[in-house]
Protein chains: 4
Amino acid sequence: MKLGLIGAGRIGKLHGEIITYHVPQATIKTVSDVYTDGLEEWAQSLGIEKVTKDYREILDDSEIEGVIIASSTDTHADLIIESAKAKKHIFCEKPVDFNVEKIKEALDTVKQNGIKLQIGFNRRFDHNFSRVRELVDQKKVGDVHIVKITSRDPAPPPVEYIKVSGGLFLDMTIHDFDMARFLSGSEVEEVFAYGTNLVSDEIAAAGDIDTAIINLKFKNGALGVIDNSREAVYGYDQRVEVFGNKGVVTVDNDFPNSAVLSSADAVVSEKPQWFFLERYKMSYVDELNEFASALLEDREPSVVGNDGLQPVYIALAAKESLETGAPVKTSKFMK
Amino acid sequence: MKLGLIGAGRIGKLHGEIITYHVPQATIKTVSDVYTDGLEEWAQSLGIEKVTKDYREILDDSEIEGVIIASSTDTHADLIIESAKAKKHIFCEKPVDFNVEKIKEALDTVKQNGIKLQIGFNRRFDHNFSRVRELVDQKKVGDVHIVKITSRDPAPPPVEYIKVSGGLFLDMTIHDFDMARFLSGSEVEEVFAYGTNLVSDEIAAAGDIDTAIINLKFKNGALGVIDNSREAVYGYDQRVEVFGNKGVVTVDNDFPNSAVLSSADAVVSEKPQWFFLERYKMSYVDELNEFASALLEDREPSVVGNDGLQPVYIALAAKESLETGAPVKTSKFMK
Amino acid sequence: MKLGLIGAGRIGKLHGEIITYHVPQATIKTVSDVYTDGLEEWAQSLGIEKVTKDYREILDDSEIEGVIIASSTDTHADLIIESAKAKKHIFCEKPVDFNVEKIKEALDTVKQNGIKLQIGFNRRFDHNFSRVRELVDQKKVGDVHIVKITSRDPAPPPVEYIKVSGGLFLDMTIHDFDMARFLSGSEVEEVFAYGTNLVSDEIAAAGDIDTAIINLKFKNGALGVIDNSREAVYGYDQRVEVFGNKGVVTVDNDFPNSAVLSSADAVVSEKPQWFFLERYKMSYVDELNEFASALLEDREPSVVGNDGLQPVYIALAAKESLETGAPVKTSKFMK
Amino acid sequence: MKLGLIGAGRIGKLHGEIITYHVPQATIKTVSDVYTDGLEEWAQSLGIEKVTKDYREILDDSEIEGVIIASSTDTHADLIIESAKAKKHIFCEKPVDFNVEKIKEALDTVKQNGIKLQIGFNRRFDHNFSRVRELVDQKKVGDVHIVKITSRDPAPPPVEYIKVSGGLFLDMTIHDFDMARFLSGSEVEEVFAYGTNLVSDEIAAAGDIDTAIINLKFKNGALGVIDNSREAVYGYDQRVEVFGNKGVVTVDNDFPNSAVLSSADAVVSEKPQWFFLERYKMSYVDELNEFASALLEDREPSVVGNDGLQPVYIALAAKESLETGAPVKTSKFMK
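Residues numbered from 1 in each chain as written. Chains lettered and ligands numbered in written order. Predicted model: local features only at pLDDT ≥ 70, side-chain atom pairs only at ≥ 80, totals over all residues. Heavy atoms only, no water.

Engineer: Before we go on, may I ask you to explain the packing of helix α1 (residues 10-22) of chain A against helix α2 (residues 39-46) of chain A in this structure?
Structural biologist: When two helices pack together, their arrangement is given by the angle between their axes and by how far apart the axes lie. All names here are of chain A. As a packed pair, α1 and α2 sit with axes 10 Å apart at the nearest point and diverge in direction by 20°. As judged from the angle between their axes, α1 and α2 are roughly parallel. In this structure, α1 meets α2 at a crossing whose hand is right-handed. Taking contact as the criterion, the partners of Lys13, Gly16, Glu17, Thr20 and Tyr21 in α1 are, on α2, Leu39, Trp42, Ser45 and Leu46. Taken together, the residues of the contact of α1 with α2 sort by class into 4 nonpolar, 3 polar and 2 charged. (Axes fitted to C-alpha atoms, helices over the stretch in contact; angles between N-to-C directions. Helix = DSSP H or I, 4+ residues; strand = E, 2+ residues; numbered from the N terminus. Parallel < 35°, antiparallel > 145°, perpendicular 65-115°, else oblique. Left-handed = near helix turned anticlockwise from the far one by under 90°. Contact = heavy atoms within 4.5 Å. Nonpolar A, V, L, I, M, F, W, Y, C, P; charged D, E, K, R; others polar.)

Laid out in structure tokens, this is it:
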């Protein structure tokens with residue numbers, strides 16, 4: 001099966017390499033990017049046939065069955081629409097868009113054209129989080145009562161990035177909103193958010209927050225809480241906990257090794273993995289295998305278009321809650 | 001130093017035994033309780049001189065320097081007032097009262113009579129939590145950004161108890177509100193609470209909740225979150241985490257032993273301590289040693305009257321937040 | 001039930017305090033020691049009636065049912081013999097003696113007089129080790145294949161002590177030999193020992209080793225290994241592991257608290273308990289409760305005289321193995 | 001840099017795939033194996049140019065700079081000799097041979113021809129073990145006193161394999177002997193071995209043992225102990241511990257995820273990785289990168305020919321110790 005790759009920045013290149021080395025059922029035939037500096041060499045090293053500045057060469061190629069959209073966020077919705085019309089199956093990086101109407105239009109087009117769309121919520125494929133979901137599915141914790149998500153970045157991104165990021169909730173918490181839905185098996189009904197600036201004055205000046213606690217009320221009656229920070233100096237801190245009437249399941253961070261040094265001074269062990277590409281490497285591999293498998297088996301992938309839409313509702317509710325200081329229902333953004 | 005014990009129920013007896021066996025500087029001279037069945041024998045086994053139905057015999061005894069108030073909650077404030085007037089130093093079980101005015105009156109009387117008052121927030125003396133506070137004090141996590149408290153009981157109390165308990169926030173979360181102040185080193189400014197009934201219909205029928213997530217905004221700018229459940233089937237779940245700009249400190253539950261059994265089926269270890277008297281045993285010993293030491297060294301104990309008042313403000317704010325669905329400032333209850 | 005305490009050094013005093021505070025079924029009536037400086041005050045503080053320099057006052061007291069022998073090791077065997085003849089039940093600190101004949105004579109006298117004798121192998125009552133034994137008994141690891149014991153002291157004792165200690169194997173490893181029998185449920189057939197001096201030249205000069213690895217061959221076919229050091233600078237290191245055809249059970253050290261501090265520098269947690277009295281405190285309590293219970297229920301205690309003899313055989317075999325450089329059968333010392 | 005692959009069984013194929021996907025500096029040009037069923041397809045999928053039954057086609061190819069020898073053990077020494085004469089650098093799977101003379105001849109030929117030889121002791125590159133070595137090198141545990149290695153297979157190999165394996169010490173413990181040298185930074189002087197059959201009668205019938213404890217005396221004065229079992233039903237059990245005068249470093253097994261499920265029944269977590277290819281995957285990648293880097297940088301690789309020889313001395317000493325029941329010096333096999 002031949003795929004096209006649209007967008008060859010850091011994450012696009014990662015996807016290209018994973019398809020080549022770790023997804024035996026698929027190959028990248030063509031890669032497109034507006035910036036092609038050094039791209040030819042990179043493509044050659046992976047055996048990718050063709051490099052182009054124009055993604056339409058991918059959409060027009062009848063040999064290509066699916067596309068991986070890894071371009072900048074503002075192009076996602078339009079590329080989904082064009083790809084769907086060109087009858088290409090789509091793997092699209094999150095977020096689809098910040099605008100609900102645009103997402104809906106994209107999803108409608110996908111539906112009308114009967115193609116498959118997978119959203120790049122890679123954390124669902126993480127070895128720890130997927131195991132939690134599995135145990136929840138098996139009713140090992142019984143009915144879910146409380147979902148707790150700790151999600152802290154090791155260091156804040158450049159403030160230039162912050163400015164176009166859509167804000168903490170749409171940029172960073174969006175992953176946690178998806179995780180909350182994934183782990184609870186329920187939609188989010190209401191949101192209350194506390195947010196503040198404790199990390200960086202620059203982020204405050206850019207109009208964004210860097211520290212937050214977000215409460216969730218789920219449709220099934222469960223409660224949830226997410227805490228975020230843009231800077232956890234000890235590394236990437238990504239833990240979840242699901243508590244129910246039959247028990248609780250927790251997961252820890254990943255560590256580069258398990259060495260524990262006990263001396264007269266202290267007992268010292270390794271810090272968590274620092275970089276998200278390290279921490280989530282295998283989840284990127286697994287999500288692209290899922291995409292290839294779904295296409296080959298002609299079935300829906302496990303993360304579909306609606307999974308790109310729902311977290312945006314939650315993020316918008318969180319944003320309004322932060323502004324108004326009151327809890328906000330997600331339904332407000334759904335009509 | 002001779003002390004009097006007022007109230008000899010489960011917790012009163014525990015205090016009596018701890019004073020006798022683990023606080024070498026002090027002895028119980030007299031114990032009073034309205035129910036004296038079997039009390040004589042218990043007192044004798046500990047070498048306590050006198051058993052009475054009338055606590056005034058303790059207050060009138062000039063040899064007795066301090067009292068331990070472990071009677072029912074509704075008597076605490078009045079007993080503090082009478083004891084203070086009788087110039088006895090006071091160790092009083094939490095909560096002082098549910099009524100802010102009564103607490104204030106009690107604290108005022110304590111002040112006017114120049115006596116010492118320690119509130120029984122035993123968890124401050126717990127080996128895990130006190131270590132967290134120590135590390136926070138030493139600025140090991142830097143400025144505090146986020147305080148997280150997990151506090152779940154192994155099983156709900158009888159509904160008859162629930163009915164007179166003052167409700168989840170005043171009965172159970174009150175400990176966590178104290179812990180939030182203790183760990184953050186800051187007062188709580190605003191509270192938002194989500195609460196629901198997922199454990200027991202009986203508790204709902206009694207007008208109380210059994211599951212809650214409570215958000216805190218601290219005066220120093222930090223954020224906090226507490227989650228509560230009346231039923232954690234795997235045992236007493238008491239963990240905290242303090243996150244700051246220089247790091248994070250976490251503590252785990254206590255376990256009866258560290259045995260890990262790995263078999264073809266699974267890797268299995270012990271459940272957390274089930275019973276609060278097991279879990280917090282040493283903290284009860286340490287808080288009474290602190291009381292005795294404070295008296296002997298003529299200094300304020302580390303948990304004073306105001307520590308009995310502040311959590312009530314927070315609990316009342318949480319209660320109102322639950323009722324109104326909006327965040328509530330603690331200052332509202334302070335005038 | 002009244003007991004007499006013979007020997008009031010550090011460990012004797014500990015036993016006296018435990019009986020008074022933690023063994024409700026028993027009290028110490030009389031304490032004897034050749035040094036009585038300050039002993040009167042100590043006894044008074046515990047409500048012990050009588051202090052004497054002559055242990056015979058204990059043996060002659062018909063009200064006293066049992067004795068706790070906590071005097072110096074060289075007096076143990078004789079005191080057992082005299083106590084047995086005086087029809088007192090006996091709790092005796094380990095080791096009974098370094099001389100097999102003397103131990104046998106003591107055990108014979110015990111037998112002839114039909115009294116109960118418990119040896120002070122307190123570690124059998126430790127929360128971790130007793131749980132391992134329990135799991136082994138329940139066949140959770142199946143047939144035992146390998147027993148591993150890590151046993152390292154935090155700091156070497158004074159060399160004066162070393163000189164009269166009987167040597168590493170009889171002084172320190174004796175506990176581990178008992179543990180090996182306890183955990184495997186089998187006697188030891190053969191021993192091979194590597195020993196050396198890596199900690200202290202003074203210990204070498206005193207003719208003893210400070211570091212050792214001792215291999216065991218059990219009667220039931222299992223293998224065992226103990227490693228010892230007189231100095232683990234990070235604290236008292238006491239761990240065991242039992243491996244069998246159905247699984248493995250391991251235990252960890254005990255720690256003063258579970259706080260984990262993650263910072264930009266490292267992830268740091270507490271060192272193990274340093275002092276054996278801290279580490280094994282509850283095991284001392286539990287062994288004396290077992291002694292009192294065995295007497296009251298008129299049954300054999302769980303650690304009997306033979307448990308004092310067998311480890312000496314193993315220690316002697318280890319000693320000879322170290323000297324000869326060859327494995328040595330324990331049967332050699334048993335005739 | 002072009003390499004040739006000699007031997008394309010399970011481990012040979014693994015090496016081929018790793019070179020292709022994870023060693024960017026090198027490619028496999030030619031693969032040879034006596035069995036070529038399906039090999040053509042496998043080679044094509046990796047872009048390997050040539051498949052042959054005759055490894056001489058690799059040795060004769062002047063474009064090929066190095067070879068990876070992954071054929072059966074009995075061919076290793078001869079292939080090293082031929083490759084060295086053909087001036088090819090060599091990566092050779094362990095063990096080089098069971099015969100000391102043959103190994104020496106191979107190493108001599110390597111030396112005479114001035115080529116580089118790396119032995120496939122992949123565990124040295126494992127994230128846990130390499131971290132232990134790093135900490136030992138940095139003197140974080142001070143002078144090494146005790147090295148402990150736990151090494152247990154999840155399930156015994158087929159008895160047909162056992163028969164030609166060279167026995168437990170040369171087949172399985174050989175890795176641990178290498179690890180002992182690696183972690184201690186010292187050669188082994190003397191060995192004492194206890195071995196027995198607790199796992200399988202078939203293995204006994206084949207003249208091999210399945211359970212062992214092996215003691216080591218190092219040249220630098222440290223002591224060591226290895227325990228082996230052919231069957232750990234809970235998974236692949238690979239842990240080490242290095243204890244010294246400044247502290248101890250331990251590592252744990254690797255687990256598929258960190259999920260911990262606490263319920264009313266128990267606290268349950270995942271079993272260790274079961275399969276050695278899972279457990280040591282990254283170590284295979286890292287050892288081949290080391291090989292490629294050593295060639296490109298024209299330096300000795302970190303695991304050289306002597307590292308293939310020393311463990312055989314230790315294994316032969318262990319074998320003799322098992323047979324004679326006495327400790328055996330490694331020097332006996334070195335003349």
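Engineer: Even after reading the chapter, I still don't get the relation of the copies chain B and chain D, so can you show me in this structure?
Structural biologist: Here two copies of a chain appear, and what relates them is a rotation about an axis with a shift along it. With an RMSD of 0.0 Å, the operation that places chain B on chain D is a rotation of 180° combined with a shift of 0.0 Å along the axis. Here the transformation between the copies is reduced to the relation of a two-fold axis. It is Val268 of chain B whose C-alpha, among those of chain B, lies nearest the rotation axis, at 2.3 Å. Most of the interface of chain B is mirrored in chain D, where 100% of its interface residues again form contacts. (Least-squares fit on C-alpha atoms with pLDDT ≥ 70 in both.)

Engineer: So what exactly am I meant to see when it comes to the interface of chain A and chain B here?
Structural biologist: In many reports, interface size means the accessible area that the parts give up when they come together. Taken residue by residue, the interface counts 42 residues in chain A and 42 residues in chain B. Around 3,100 Å² of area is buried between chain A and chain B when both sides are counted, 66% of it from carbon and sulfur atoms. Across the salt bridge formed by Glu241 of chain A and Arg152 of chain B, the nearest N and O atoms sit 2.8 Å from each other. Residue assignment for the side of chain A that touches chain B shows that the elements contributing at least two residues are β7 (144-152), β8 (188-196), β9 (211-218), β10 (223-229), β11 (237-244) and β12 (247-250) of chain A. (Buried area = accessible area lost by both parts, 1.4 Å probe. Salt bridge = Lys/Arg side-chain N within 4 Å of Asp/Glu carboxyl O.)

Engineer: What should I look at first to understand the relation of the copies chain A and chain B in this one?
Structural biologist: With an RMSD of 0.0 Å, the fit of chain A onto chain B corresponds to turning through 180° and sliding 0.0 Å along the axis. Both copies contact each other with a shared surface, as 100% of the interface residues of chain A are interface residues in chain B too.

Engineer: I tried to follow the pattern of salt bridges on my own but got confused; where do I start?
Structural biologist: Scanning all chains against the criterion turns up 132 salt bridges over all chains. Between Arg299 of chain A and Glu290 of chain A there is a salt bridge; the shortest N-O distance is 3.0 Å. Note on Glu290 of chain A: relative accessible area 13%, which makes it buried. In this structure, Arg230 of chain B engages Asp153 of chain B in a salt bridge whose closest nitrogen and oxygen atoms are separated by 3.6 Å. Here the residue Arg230 of chain B occupies a position in the loop between β10 (223-229) and β11 (237-244), and Asp153 of chain B occupies one in the loop between β7 (144-152) and α7 (159-164), the gap between them amounting to 77 residues. With respect to class, Arg230 of chain B is no different from Asp153 of chain B; both count as buried. The network of salt bridges with common partners includes Lys148 and Glu241 of chain A together with Arg152, Asp227, Asp237 and Arg239 of chain B. (Buried < 20%, exposed > 50% of the residue type's maximum accessible area, 1.4 Å probe, protein only.)

Engineer: How should the pairing of strand β11 (residues 237-244) of chain C be read in this particular structure?
Structural biologist: Consecutive side chains along a regular strand alternate between the two faces of the sheet. All names here are of chain C. Of all 8 residues making up β11, 8 are buried, and the element is well covered by its neighbours. Side chains Asp237, Arg239, Glu241 and Phe243 of β11 all project onto a buried face; the interleaved residues Gln238, Val240, Val242 and Gly244 project onto the opposite face, where all are buried too. Alignment of strand β7 (residues 144-152) against β11, held across 8 bridges, turns out to be antiparallel. Within β11, the residue paired with Lys148 across the bridge is Glu241. With 4 bridges connecting them, β11 and strand β12 (residues 247-250) associate as antiparallel partners. Across the sheet, Gly244 pairs through a bridge with Gly247, a residue of β12. Counted along the chain from β11 to the antiparallel partner β12, the turn is 2 residues long. (Pairing = 2+ DSSP bridges.)

Engineer: Would you mind showing me how to read the side chain of Arg239 of chain C here?
Structural biologist: On the secondary structure map, Arg239 of chain C appears in strand β11. Polar side-chain contacts of Arg239 of chain C include one of 2.7 Å to the side chain of Asp237 of chain C. For Arg239 of chain C, the side chain forms a polar contact with the side chain of Glu241 of chain D, separated by 2.8 Å. Filtering out sequence-adjacent residues up to four positions away, Arg239 of chain C remains in contact with Lys148, Ile149, Thr150, Arg152, Val251, Asp252 and Asn253 of chain C together with Glu241 and Thr250 of chain D. (Polar contact = N/O pair within 3.5 Å; in protein donor to acceptor, adjacent residues only side chain to side chain.)

Engineer: What am I meant to see in the interface of chain B and chain D here?
Structural biologist: Each side of the interface is counted separately: chain B has 13 residues, and chain D has 13 residues. Both faces combined, the contact of chain B with chain D buries some 970 Å², and carbon together with sulfur accounts for 63% of it. Per-residue buried area on chain B facing chain D is highest for Ala264, Val267 and Lys271 of chain B; these three make up 45% of the total on that side. At the surface where chain B touches chain D, the tally comes to 0 salt bridges. On inspection of chain B and its partner chain D, the count reaches 4 residue pairs in polar contact (both at pLDDT 80 or more). Those elements that place two or more of their residues in the side of chain B that touches chain D are β13 (260-263) and β14 (267-269) of chain B. Per-element tally for the side of chain B that touches chain D: the top contributor is β14 of chain B, with 3 residues. Within the side of chain B that touches chain D, the residues separate by chemical class into 7 nonpolar, 3 polar and 3 charged. Where β14 of chain B meets strand β14 (residues 267-269) of chain D, 3 bridges bridge the pair, whose relative direction is antiparallel. Looking at β14 of chain D, one finds that Ser269 of chain B is bridged to Val267 of chain D.

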